[in-house]
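Below are the chains, spelled out letter by letter.
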Amino acid sequence: LKEGRKEVFPLVMKRYSEAVRRFPQSGRVGRTYVRMAQAEAFMGRNYDALASLDMAIGRYPEGSHLPLAYLTRGKVYLRLNQPEKAVRDLKVVLSRFPHSSVVEEAHYEIAKYLYSVGAYKEAKKRFSELLEKDPDFYLKFPGFLSFMAQTSLYLKDYETARNYYFKALNLGHQPESEDLLLA
């Protein structure tokens, strides 16, 4: 499914559902619901994804799956244009799970949201903090460089924008967006 073979979606969901049904007391069920939600979101079935995430969080309120569940739910809410709920979930990741492996991504999603609503100064501050904490952050999220460039452009910091666009263009094989082509 991650390779883009969408025809396997029914089989993936069937296997996950069977696992949940057969092993309802397993400590991995919460994580299974998160994976189901990720598959549903990938297929554009955002409300089904929210239902699976609500199950992961509501029925299994303890476990290592929770940071990813909140992050994924926040991302789905952003797709559904429900930013208040999204930011609330992303902040749960930051406050309850500060040492989780998904904290950086939660910060990134918040920064992208700030960018999308035109809060460029705050977005740039958050993008810069991510880069300070991890200078190779953009290797995990190649779109980061484009966001940094666009944010700098909107703030009329043309030199910085040009540098980030150049870096984004030379990062390697990636889909070219309009913004990168305009650079």
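Residues numbered from 1 in each chain as written. Predicted model: local features only at pLDDT ≥ 70, side-chain atom pairs only at ≥ 80, totals over all residues. Heavy atoms only, no water.

K.L.:
For the overall build of the protein chain, give the residues involved together with the corresponding values.
P.N.:
Tallying secondary structure elements over the protein chain gives 11 helices and 0 strands in all. The secondary structure elements of the protein chain, listed N-terminal to C-terminal, are α-α-α-α-α-α-α-α-α-α-α. Along the first, second and third principal axes, the C-alpha atoms of the protein chain reach 60 × 35 × 30 Å. Taking all 183 residues of the protein chain together, 42% fall into the buried category. Across the protein chain, contacts joining residues at least 24 apart in sequence account for 45% of those joining residues at least 6 apart. (Helix = DSSP H or I, 4+ residues; strand = E, 2+ residues; numbered from the N terminus. Buried < 20%, exposed > 50% of the residue type's maximum accessible area, 1.4 Å probe, protein only. Contact = heavy atoms within 4.5 Å.)

K.L.:
Would you mind going over the side chain of Glu105 in detail, with residue names and values included?
P.N.:
For Glu105, the location among the structural elements is in helix 6 (residues 103-116). Assessed through its relative accessible area of 16%, Glu105 is described here as buried.

K.L.:
Describe in detail the environment of Glu18, supporting the description with residues and values.
P.N.:
Along the polypeptide, Glu18 turns up in helix 1 (residues 9-22). Sequence separation of Glu18 and Tyr70 is 52 residues, and the distance between their C-alpha atoms is 24 Å.

K.L.:
Please set out the environment of Leu71 residue by residue, giving values where relevant.
P.N.:
Topologically, Leu71 is positioned in helix 4 (residues 66-79). Note: C-alpha distance between Leu71 and Glu109 (38 residues apart in sequence) is 8.8 Å. In this structure, Leu71 is in contact with Leu90, Val93, Val102, Glu105, Ala106 and Glu109, ignoring residues within four places of it in sequence.

K.L.:
With reference to specific residues and values, describe the packing of helix 4 against helix 5 (residues 83-96).
P.N.:
When two helices pack together, their arrangement is given by the angle between the helix axes and by the axis-to-axis distance. Where helix 4 contacts helix 5, the axes come no closer than 7 Å and their chain directions differ by 160°. When the interaxial angle is binned, helix 4 and helix 5 end up roughly antiparallel. Read as a crossing pair, helix 4 and helix 5 show a hand that is left-handed. Across the interface between the two elements, Leu66, Pro67, Tyr70, Leu71, Arg73, Gly74, Tyr77 and Leu78 of helix 4 pack against Pro83, Lys85, Ala86, Asp89, Leu90, Val92, Val93 and Arg96 of helix 5. Considering only residue class, the contact of helix 4 with helix 5 consists of 11 nonpolar, 1 polar and 4 charged. (Axes fitted to C-alpha atoms, helices over the stretch in contact; angles between N-to-C directions. Parallel < 35°, antiparallel > 145°, perpendicular 65-115°, else oblique. Left-handed = near helix turned anticlockwise from the far one by under 90°. Nonpolar A, V, L, I, M, F, W, Y, C, P; charged D, E, K, R; others polar.)

K.L.:
Would you mind going over the packing of aromatic side chains in detail, with residue names and values included?
P.N.:
Taken as a whole and assessed by the stated rule, the structure comprises 15 aromatic pairs. Aromatic side chains Tyr70 and Phe97 sit 6.4 Å apart centroid to centroid with 35° between the ring planes, which places their arrangement in the tilted category. Placement of the pair is Tyr70 in helix 4 and Phe97 in the loop between helix 5 and helix 6, with a sequence separation of 27 residues. By relative accessible area, Phe97 is classed as buried at 15%. Taken together, the ring pairs connect Tyr108, Tyr115, Tyr120, Phe127, Phe137, Phe141, Phe144, Phe147 and Tyr154 into an aromatic cluster. Directly above the aromatic system of Phe42 lies the positively charged group of Lys6, at a separation of 5.4 Å from the ring centroid. (Phe/Tyr/Trp six-rings, centres within 6.5 Å; stacked < 30°, edge-to-face > 60°. Lys NZ or Arg CZ within 6 Å of the ring centre and 35° of its normal.)

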